[in-house]
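# Working through the structure, step by step
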Amino acid sequence: MKVVLENLTKIFPSRDKKAGKEVVAVNDFTFEIPDGQLVGLLGPSGCGKSTTLYMISGLQKPTSGKIYFGDDDVTELSTENRGIGLVFQNYALYPHMTVKQNILFPLQNLKGKDKLSKEEMLERAYEAARLVQIDELMDRKPSELSGGQQQRVAIARALVKMPRVLLLDEPLSNLDARLRLQTREEIRRIQKETGITTVFVTHDQEEAMSISDVIVVMKLGVVQQIGKPQEVYDNPTNLFVAKFLGTPPINVLEGKVEGGKVYIGSEAVLEVSGVEDQEVFIGVRPEGLEPNENGAFTCKLNNLEVMGRDASVVSTHESALTPVIRAIISSDIKIDPAAETVKFNVKPHKFFLFNKETEERIYFEVK
């Protein structure tokens, strides 16, 4: 089931009636979510991603714009009639009910032609439980389950209705790091097995990039960039996207383009063509810095962090806007930790220029 958002806008009235300034939570969002794909809505708190999800679900009504499920306009349709499955951050399980009763609950409320017999409901419930691998826990209550198991119950309850669209609102944020990794892999497996079009809201870029077919990066209600995770990481359209994606984060510095060369401080670090002379912001991915004793870019060495397969060279530079300059290199490359400075060459495909006023990407060719 494809989902089409057409000029979707949500405006909330100001809490301060005297000020009277409205809050634009989502601003003119247009996007088509392809049938059977998992789309990650990604951005910091307050960017409008959860509001977008709630409008798709019908829990909130758009100020303007349209929502289509396939060819059906569902903008004015109530939540229960949209055919959605919704999983909240806090699971929202009924504590007095068993796992089986929690999963059965949505089916027991079906009426008319959708009403099922007890046998059909049980069959559906156990099928959903097997899919999320909790069929042995059906007689337990939520208090007897771990956080990861409770999350699986919430997903099974959403899936048991055989929804047209599955909506997940930061479903992993309450789990510890190891369980979060395991559960996100399970969500991806379930989504692929069922083929249900899924929208996944998160502020964690690693989560979104690891399981999404497409990510939508948002800021202050405005879509910044849409694309496949690796494509967005490799080709950010502006400084915000470049800074938001990546662990460790991108190194950001002030610099200038002069005579076809990019300068950081007094050092010409890269020759480029097609860029006018101007002051710029420079972004360099940590994997884009290559130690070389004859390198063009010199930093003050702070320390070397060896992490098994990789090592992190931590340094500083007076032009840096980030607290440190971090380079991720193979641990096989030897760096003298007692040295005062470290020199790098930059990899052009991991090196980005941004307009200092608009922060939009400046594209260049390497000479």
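A brief look at the structure comes next. (Residues numbered from 1 in each chain as written. Predicted model: local features only at pLDDT ≥ 70, side-chain atom pairs only at ≥ 80, totals over all residues. Heavy atoms only, no water.)

## So, the side chain of D169
Rules: Secondary structure follows DSSP: runs of H or I at least 4 residues long count as helices, runs of E at least 2 residues long count as strands, and numbering of each begins at the N terminus. Summary of the burial criterion: residues with accessible area below 20% of their type's maximum are buried, those above 50% are exposed, and those between are partly exposed, where the area comes from a 1.4 Å probe applied to protein chains only. When charges are counted, Lys and Arg contribute as positive and Asp and Glu as negative, whereas His and the chain ends are disregarded. The term salt bridge refers to a side-chain nitrogen of Lys or Arg lying within 4 Å of a carboxyl oxygen of Asp or Glu. Nitrogen and oxygen atoms within 3.5 Å of one another constitute a polar contact, given that in protein one can donate a hydrogen and the other can accept it, and given that sequence-neighbouring residues count only through two side-chain atoms. Contacts were defined at the residue level, with two residues in contact if any of their heavy atoms lie within 4.5 Å.
Along the chain, the position of D169 falls in strand β7 (residues 165-169). Look at D169: it is buried, it has no salt bridge, and the nearest opposite charge is K49 at 7.4 Å. Reaching out from D169, the side chain makes a polar contact with the side chain of S50 at a distance of 3.0 Å. A polar atom in the side chain of D169 sits 2.5 Å from the side chain of Y54. Other than its neighbours up to four places away in sequence, D169 contacts S50, L53, Y54, V87, F88, Q89 and V201.

## Considerations on the nonpolar core
Note the cut-off: Note on terminology: a nonpolar core comprises buried Ala, Val, Leu, Ile, Met, Phe, Trp, Tyr and Cys residues joined through side-chain atoms within 4.5 Å.
Within the largest apolar cluster, 35 residues are counted, with the highest numbers of intra-cluster contacts made by I103, I134, L159 and I187. If near-sequence neighbours (up to four positions away) are discounted, I103 is found in contact with A125, A129, I134, M138, V153, A156, R157 and V160. In terms of nonpolar packing, the next biggest core, distinct from the first, is built from 29 residues, V262, I264, C299 and F364 among them.

## Thoughts on the pairing of strand β11 (residues 251-258)
Stated formally: Pairing between two strands requires that DSSP report at least two bridges joining them.
Sheet topology places β11 next to strand β14 (residues 278-284); seven bridges connect them, and they run antiparallel. Following the sheet pairing, L253 is matched in β14 by I282. In terms of strand pairing, β11 meets strand β12 (residues 261-264) through three bridges, oriented antiparallel. Among the inter-strand pairings, V257 is bridged to a residue of β12, identified as V262.

## Details of the pattern of salt bridges
Taken as a whole and judged by the stated rule, the model has 15 salt bridges. With a shortest N-O distance of 3.6 Å, D73 and K66 are connected by a salt bridge. The class for D73 is partly exposed, based on a relative accessible area of 40%. On the basis of relative accessible area, K66 is assigned to the partly exposed category, the value being 35%. Here E258 and K256 are joined by a salt bridge, their closest N and O atoms 3.6 Å apart. The partly exposed category is assigned to E258, whose relative accessible area is 40%. Residues participating in the shared-partner salt-bridge network are R152, E186, R189 and E193.

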